[in-house]
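# Per-entry structural report
The primary structure of each chain is shown beneath.
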Amino acid sequence: MSSIDFNQVAQQFTTFYYEKFDSDRTQLGNLYRDQSMLTFESSQLQGARDIVEKLVSLPFQKVQHRVSTLDAQPASPNGDILVLVTGELLIDEETNPQRYSQCFHLLPDGNSYYVFNDIFRLNYS
């Protein structure tokens with residue numbers, strides 16, 4: 001596991017995650033497991049089904065994530081990766097983007113990773 005380029009994994013993961021989120025949130029379920037947890041603003045949900053249900057129920061039709069920063073670190077000797085993303089969201093027909101921060105704790109699963117923890121927060125100025 002130590003030969004993994006955690007920065008490359010983090011970059012590939014976030015690109016994939018936000019492309020799926022922006023095009024079809026129902027497809028995000030494979031990235032979570034039953035023990036995964038999402039904190040979305042003040043809501044906490046556990047399990048892939050409840051997490052995807054929450055993401056699909058968000059009150060907008062169109063969304064576009066624009067990543068501004070992406071930082072990653074190895075999180076354990078087991079190959080876990082912590083990923084912190086900041087960026088901007090364009091929702092529906094809005095022209096003023098909203099700033100957000102999102103933190104992922106990725107755990108290895110065979111030749112890929114899944115999201116063990118996901119914390120999302122809008123950043124209000």
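Preceding this paragraph is the structure being described.
Residues numbered from 1 in each chain as written. Predicted model: local features only at pLDDT ≥ 70, side-chain atom pairs only at ≥ 80, totals over all residues. Heavy atoms only, no water.

### Some thoughts on the pairing of strand S5 (residues 98-109)
To keep things clear, this is the line we draw: When DSSP finds two or more bridges between two strands, those strands count as paired. In DSSP terms, a helix is any run of H or I states spanning at least four residues, a strand is any run of E spanning at least two, and both are numbered starting from the N terminus.
Note that strand S4 (residues 81-91) and S5 share nine bridges and pair antiparallel. Bridging from a neighbouring strand, Val 85 pairs with Gln 102 of S5. What sits between S4 and S5 in their antiparallel hairpin is a turn of six residues, with Asp 92 showing a positive phi close to 50 degrees. Sheet analysis places S5 next to strand S6 (residues 112-123), joined by 11 bridges and oriented antiparallel. By the bridge assignment for S6, Cys 103 is matched with Ile 119.

### Some details on the sheet that holds strand S2 (residues 43-46)
Here is the rule we go by: All axes here are fitted lines through C-alpha atoms, helices being fitted over the stretch that makes contact, and every angle between N-to-C directions spans 0 to 180 degrees. Residue contacts are defined here by distance: any two heavy atoms, one from each residue, within 4.5 Å place the two residues in contact.
Taken in spatial order, the six strands line up as S2-S1-S6-S5-S4-S3 in an open sheet, and their pairing is mixed. The open sheet terminates on both sides in strands that have one partner only, identified here as S2 and strand S3 (63-74). Direction aside, the axes of adjacent strands within the sheet are offset by 15 degrees on average. Sheet topology places S3 next to S4; 11 bridges connect them, and they run antiparallel. Within the sheet, the bridge partner assigned to Ala 72 lies in S4 and is Val 83. Sitting on the sheet, helix H1 (residues 6-23) is in contact with strand S1 (32-40), S3, S4, S5 and S6, with an inclination near 160 degrees to S3.

### Regarding the nonpolar core
The cut-off we apply is this: What is meant by a nonpolar core is a set of buried Ala, Val, Leu, Ile, Met, Phe, Trp, Tyr and Cys residues, joined one to another through side-chain atoms within 4.5 Å. Residue burial is assigned from relative accessible area. The probe radius is 1.4 Å, only protein chains are included, and a residue is buried under 20% of its type maximum, exposed over 50%, and partly exposed in between.
With 31 residues, the main nonpolar core has Tyr 17, Phe 21, Tyr 32, Leu 55, Phe 104 and Leu 106 as its most contacted residues. A total of six residues in this core trace back to one element, the largest contributor, which is H1. Discounting residues that sit within four places of it in the chain, Tyr 32 has contacts with Tyr 17, Ala 48, Ile 51, Leu 55, Val 115 and Asp 118.

### Description of H1
For clarity, the cut-off: To estimate the expected span of a helix, count its residues, drop one, and scale the result by 1.5 Å. Picture the helix axis, draw a direction to every C-beta atom, and the arc is the one those directions span. The definition of a polar contact used here is a pair of N or O atoms within 3.5 Å, where within protein one atom must be able to donate a hydrogen and the other to accept one, and adjacent residues in sequence count solely through side-chain atom pairs.
Between the first and last C-alpha of H1 there are 26 Å, a value that for 18 residues agrees with the 26 Å anticipated at 1.5 Å per step. Looking only at H1, the buried set comprises Val 9, Ala 10, Phe 13, Thr 14, Tyr 17, Tyr 18 and Phe 21. What you see down the axis of H1 is that its buried residues fit within an arc of 145 degrees, all on one side. For H1, the exposed residues lying more than 90 degrees away from the buried face are Glu 19 and Ser 23. Elements that come into contact with the buried residues of H1 comprise S1, helix H2 (48-56), S3, S4, S5 and S6. The N-terminus of H1 is capped by Asp 5, whose side-chain oxygen sits 3.1 Å from the backbone nitrogen of Asn 7.

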